[in-house]
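# An overview of the molecular structure
If you want the building blocks of each chain, they are given just below.
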Amino acid sequence: MRVLYVEDNATDAELAQTVFANQAPDIQLEIAPTLELARAALAADRFDLLLTDLRLPDGSGLDLLNAVRSDQVPLPVVLVTGQGDLQSAVTALRAGAHDYIVKGDGYLQRLPEVIRRLHQAVRHQELRSRPLRVLYCDPESQHARRVLRALMDSAPHLQFTLAPSESECRRLLTTGTQAGDEGTFDVVLIQHRPGNLDGLDLVRGLRREMRLTLPIVLAVAEADEEFAARSLHLGVDDFLVESEGFLHALPPTLEKVHRERQLLDEKAALQTLYDRHVQLLASSPTLTYRLHIDGDRRIPVWVSENIERMLGFTPSEALHPDWWWTHVYEDDRERILAAQDDVLDSGELELEYRFRNKAGNVVWIHDRQRLVRKPGSTPDEIVGTWNDVTAETIATQVRAARMDLREMMYGEQALARILERTVEHIEHCFAGCSAAILIADASGTRLVGAAGAVCARFGDLLEHKGYGLMSALQTIENGQAFAAAADRHGEAPAGWAALTAASGHPEGWYQPLPASSGRTPGVLAVFGGSASPLDLRNTKWLLEFALLVSMATKRTEQDLIQRQAFAALANTQDGILITDLKPSILWVNEAWTEITGYPKEESLGRNPSMLQSGLQNPIDRETMWRTLHETGYWQGEVWNRRKNGEIYPQLLRIKTVRDPSGTPTHYVGVMTDLSKLRRTEEEKEHLTHYDPLTQLPNRLLALTRMQHAIEEARRQHHGIALLYLDLDHFKRIN
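All values reported here derive from a predicted model rather than from experimental measurement.

This brings us to the overall build of the protein chain. Each helix and strand in the protein chain was counted, giving 25 helices and 27 strands. A total of 734 residues make up the protein chain; the buried ones form 43% of that total. Within the protein chain, contacts between residues at least 6 apart in sequence are counted, and of these 56% link residues at least 24 apart. A total of about 40,100 Å² of accessible surface is found on the protein chain, and carbon and sulfur atoms cover 52% of it.

What follows is the structure in structure tokens.
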């Protein structure tokens, strides 16, 4: 029996299918979540009954009922209502619904019986309202007419079509088959007349040549046991001997064979439906089960065949009373025990926990249970479903870990703490595993850091083999992950199998950290075995964690470089300032405050033009800004004013800072105070030409000026006079 169930609640729909599959396999429940899909299903296929919820996302079940009745579809309709919708149910019955059922405790257990009862009532009404159509093959027309006249009054529900010959019988059956898959007739009645119509030969032809499946009744004048045996062997459903009472026995015999054939057809359809149901369950990702409640115990009584594909166990293994509890992951048992009785109070229970499959791997199970309540009795059964949500759960945990680790990075947590936290996340995601992170130095060949409790087991191994391990990482192409088993030293890169053995686990998975600056900064190692959930499906998550670790190490290196650069900028003798494009001062170093005399807090937010001395040509400043805008760089000598009013020369270099798109964002200026340099040059010049004691011109200056006077006299054609004074004993002083 095919039933279209219009239900928008996915949980209710799935539970209904589970209950029907277990308790009413003869009813095939097909789901349509909206009115639009329901109308499309009714137009495209044939159903025996329509079951619809009252409240739907795109309308009401009453709309669908009205559409069915308006189209004059002979389909029984049952309305499913919620609590308090009885007035709507009454309205539905008046509109042509056959029945209604209220959602509540145990309604799903009552629903199959309601559907069967209604279907049988409608079918019985159809049978009573439709005559039984009989193809009557009899070559003796007078005999046939007597039979038909006799039955006209006593069996008016029988509708006969007379075929006076074998050829006419075949023709009518062929035409009926072509017109509607044997729908023209319900039963074939053959009058066996030796010498005129051999009923057995006709039956043989109909069964073997035409493949006729309609029930056949054979009427004979007389018959013995051999004839009866041959008849049954050829496919006769029943035969009647024309004796006293023949006309009284004929109608019930025709009805009986018709009903028996209907039952056989229904049984075949039921078997087909059952086989299809088994196939669907076997291929479904959802495992279905039933538990019998015996006090505090939950005893498994049935489990779907797909358990073997999902977990590796056979149904018979899963029905052992202790099977489930012994395979629940140890750390989750206490939590499950605390919630197990919630299903008895609320009628529903949903849990996610870890479970060991037959191979010993830990998988995540989403367990959904619904209590089955039979009217007038205490609950004694639980119907449940399992879904393997390992991939989804690990993905969720990895996303949470990613957010946590990034917050630690942005919070400037120490690299060692970030690495330890990463190890904690990995061991949480992959139960039964141990993780370690090994970090190399800047050259990529020396081990400088390790995180993870398992590292305590390595002892001196890392000290002795650290160089070889880190050097080997640099030779791995594209940072591909690799495995190293503890008992197969020859199959793994040198040293890694020994590391796996030292971890205490049989298997080790190694994911090199993504390369940075041309080197592999380290490796992420996860150790496990048959009891761990880590396999090729999960290695992508190792790469995810490796990327996070690589990001943390790179960020730490960049922070170190930035701190070093900042220290260099802060301690240089040149003044440095950073401005925005206005320009307003955003940052200055200590040397800048010493050169200008302006404290940092007094400078921030102000325009650098506050340093102008007024000696600079405005045209020169316009040229400076135009060059800076065109080329992004300017350098030149300017005169500025200190806070104390002193005017001094400086060498100024300005560069434009741009973002990745090339848009200017800031200016960086570097100034060198030239006043000290100028004073130094002047002092050097003075010492060259004047006596340091008397401050009088020395011989070099006298000779230079004399040479200059001689050259000028030569050009002017006139003479010069030189007065030479000698001070006695002056050398004793100077």
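Next comes the rest of the description.
We now examine the sheet that holds strand β11 (residues 216-220). The parallel open sheet is built from five strands, whose spatial order is β9-β8-β10-β11-β12. Strands with a single pairing partner mark the edges of an open sheet, and in this sheet they are β9 (158-163) and β12 (238-241). This sheet shows a mean twist of 25 degrees between the axes of neighbouring strands, independent of strand direction. Here β11 pairs with β12 via four bridges, running parallel. Within the sheet, the bridge partner assigned to V220 lies in β12 and is V241. Of the strands in this sheet, β8 (132-137), β9 and β10 (187-191) touch helix α6 (residues 141-154), which is tilted by about 160 degrees from β8.

So, about the nonpolar core. The biggest cluster of nonpolar side chains holds 29 residues, and the ones touching the most others in it are I426, F430, I437, L524 and F545. With near-sequence residues (within four places) excluded, I437 lies in contact with L419, T422, V423, G449, A450, A451, V523, L524 and V549. Judged by nonpolar contacts, the second largest core, of 24 residues, contains Y289, V303, L311 and F355.

Together, D8, E36, D58 and D63 line one region of the surface with negative charge. With respect to the element layout, E36 can be found in helix α2 (residues 35-44).

Inspection of the sheet shows strand β15 (residues 348-356) paired to strand β16 (residues 362-372) by nine bridges, in the antiparallel sense. Across the sheet, residue L351 finds its bridge partner in β16, namely D367. Hairpin connection, β15 to β16: the antiparallel pair is bridged by five residues, and G360 has positive phi, about 95 degrees.

Counted at 1.5 Å a residue, the expected span for helix α16 (residues 390-410) with its 21 residues is 30 Å, and the 30 Å between its end C-alpha atoms agrees. Close packing links the buried residues of α16 with β15, β16, β17 (381-388), α17 (415-429) and α20 (539-571). The first or second residue beyond α16 is E412, which carries a positive phi of 60 degrees.

Here we come to the packing of α16 against α20. In the contact formed by α16 and α20, the axes pass within 11 Å of each other and the chain directions differ by 0 degrees. One element, α16, and the other, α20, form an angle in the roughly parallel class. Packed against α16, whose contacting residues are A391, I394, A395, V398, A401, R402, L405, R406, M409 and Y410, the element α20 presents W541, E544, F545, L548, M551, A552 and R555 at the interface.

All right, on to the packing of helix α8 (residues 199-209) against helix α9 (residues 225-234) then. Two measures define how a pair of helices packs: the angle their axes make with one another and the distance between the axes. Running from N to C, α8 and α9 point in directions that differ by 20 degrees, and their axes come no closer than 9 Å. The orientation of α8 relative to α9 falls into the category roughly parallel. Of the two elements, α8 crosses α9, and the hand of that crossing is left-handed. Taking contact as the criterion, the partners of L200, V203, R204, R207 and R208 in α8 are, on α9, F227, R230, S231, H233 and L234. Of the residues that constitute the contact of α8 with α9, the class distribution is four nonpolar, two polar and four charged.

Looking now at a nonpolar patch on the surface. Taken together, the side chains of L615, W639 and I647 define a hydrophobic patch exposed on the protein surface, amounting to about 270 Å² of accessible area. Position of L615 among the secondary structure elements: in the loop between α22 (600-603) and α23 (618-631).

The strand order across the open sheet built from five strands is β14-β13-β17-β16-β15, with neighbouring strands paired in antiparallel fashion. Bordering the open sheet on either side are β14 (297-303) and β15, each of which pairs with just one other strand. When the angles between neighbouring strand axes are averaged without regard to direction, this sheet yields 30 degrees. In this structure, β16 lies alongside β17, joined through eight bridges in antiparallel fashion. Residue pairing in the sheet places Q369 in a bridge with G384 of β17.

Further remarks concern the packing of aromatic side chains. Counted according to the given criterion, the structure contains 14 aromatic pairs. For the ring pair Y510 and F527, a centre distance of 5.8 Å and an interplane angle of 80 degrees mean the geometry is edge-to-face. Within this pair, whereas Y510 is found in strand β21 (residues 507-512), its partner F527 is found in strand β22 (residues 522-528), the two being separated by 17 residues in sequence. For the pair formed by Y510 and F527, the shared burial category is buried. Grouping aromatic residues by their ring pairs yields a cluster made of Y289, F313, W323, F355 and W386. Sitting over the ring of F47, R2 keeps its end group 4.6 Å from the ring centre.

To continue, consider the pattern of salt bridges. Under the counting rule described, the total for this entry stands at 35 salt bridges. E330 serves as the salt-bridge partner of R356, at 3.2 Å between the closest nitrogen and oxygen. Placement of R356 in strand β15 and of E330 in the loop between α13 (323-327) and α14 (333-339) is noted, with a sequence separation of 26 residues between them. By relative accessible area, which is 41% here, E330 ends up partly exposed. Residue E424 pairs with R417 through a salt bridge whose shortest N-O separation is 3.7 Å. By relative accessible area, E424 is classed as partly exposed at 41%. Among the charged side chains, a salt-bridge network with shared partners connects D404, R417, R421 and E424.

A separate point is unusual backbone geometry. The step from K582 to P583 runs through a cis peptide bond, and the omega angle for that step is 5 degrees. Counting through the fold element by element, P583 comes out in the loop between β23 (575-579) and β24 (585-588). In this structure, E412 takes a positive phi of about 60 degrees despite not being glycine. Note that E412 resides in the loop between α16 and α17.

Attention now moves to the confidence of the model for the protein chain. Averaged over all residues, the pLDDT of the protein chain is 83; the fraction at 70 or higher stands at 89%. Below pLDDT 50 for its whole length, residues 177-182 participates in eight contacts with residues either more than four positions away or in separate chains.

Turning our attention to the pairing of strand β13 (residues 286-294). In terms of strand pairing, β13 meets β17 through seven bridges, oriented antiparallel. Note that in β17 the partner of L291 across the bridge is I382. Sheet topology note: the β13/β14 ladder contains six bridges and is antiparallel. For Y289, the partnering residue across the bridge sits in β14 and is V303.

The rules behind these values
- Residues numbered from 1 in each chain as written.
- Predicted model: local features only at pLDDT ≥ 70, side-chain atom pairs only at ≥ 80, totals over all residues.
- Heavy atoms only, no water.
- Helix = DSSP H or I, 4+ residues; strand = E, 2+ residues; numbered from the N terminus.
- Buried < 20%, exposed > 50% of the residue type's maximum accessible area, 1.4 Å probe, protein only.
- Contact = heavy atoms within 4.5 Å.
- Areas by Shrake-Rupley, 256 points an atom, 1.4 Å probe, with all protein chains shown as cover.
- Pairing = 2+ DSSP bridges.
- Axes fitted to C-alpha atoms, helices over the stretch in contact; angles between N-to-C directions.
- Core = buried A, V, L, I, M, F, W, Y, C linked by side-chain atoms within 4.5 Å.
- Patch = residues over 30% accessible without salt bridge, like charges linked within 9 Å, V, L, I, M, F, W, Y side chains within 5 Å.
- Salt bridge = Lys/Arg side-chain N within 4 Å of Asp/Glu carboxyl O.
- Lys, Arg positive; Asp, Glu negative; His and termini not counted.
- Charge placed at Lys NZ, Arg CZ, Asp CG, Glu CD.
- Expected span 1.5 Å × (residues − 1).
- Parallel < 35°, antiparallel > 145°, perpendicular 65-115°, else oblique.
- Left-handed = near helix turned anticlockwise from the far one by under 90°.
- Nonpolar A, V, L, I, M, F, W, Y, C, P; charged D, E, K, R; others polar.
- Phe/Tyr/Trp six-rings, centres within 6.5 Å; stacked < 30°, edge-to-face > 60°.
- Lys NZ or Arg CZ within 6 Å of the ring centre and 35° of its normal.
- pLDDT = per-residue confidence, 0-100.

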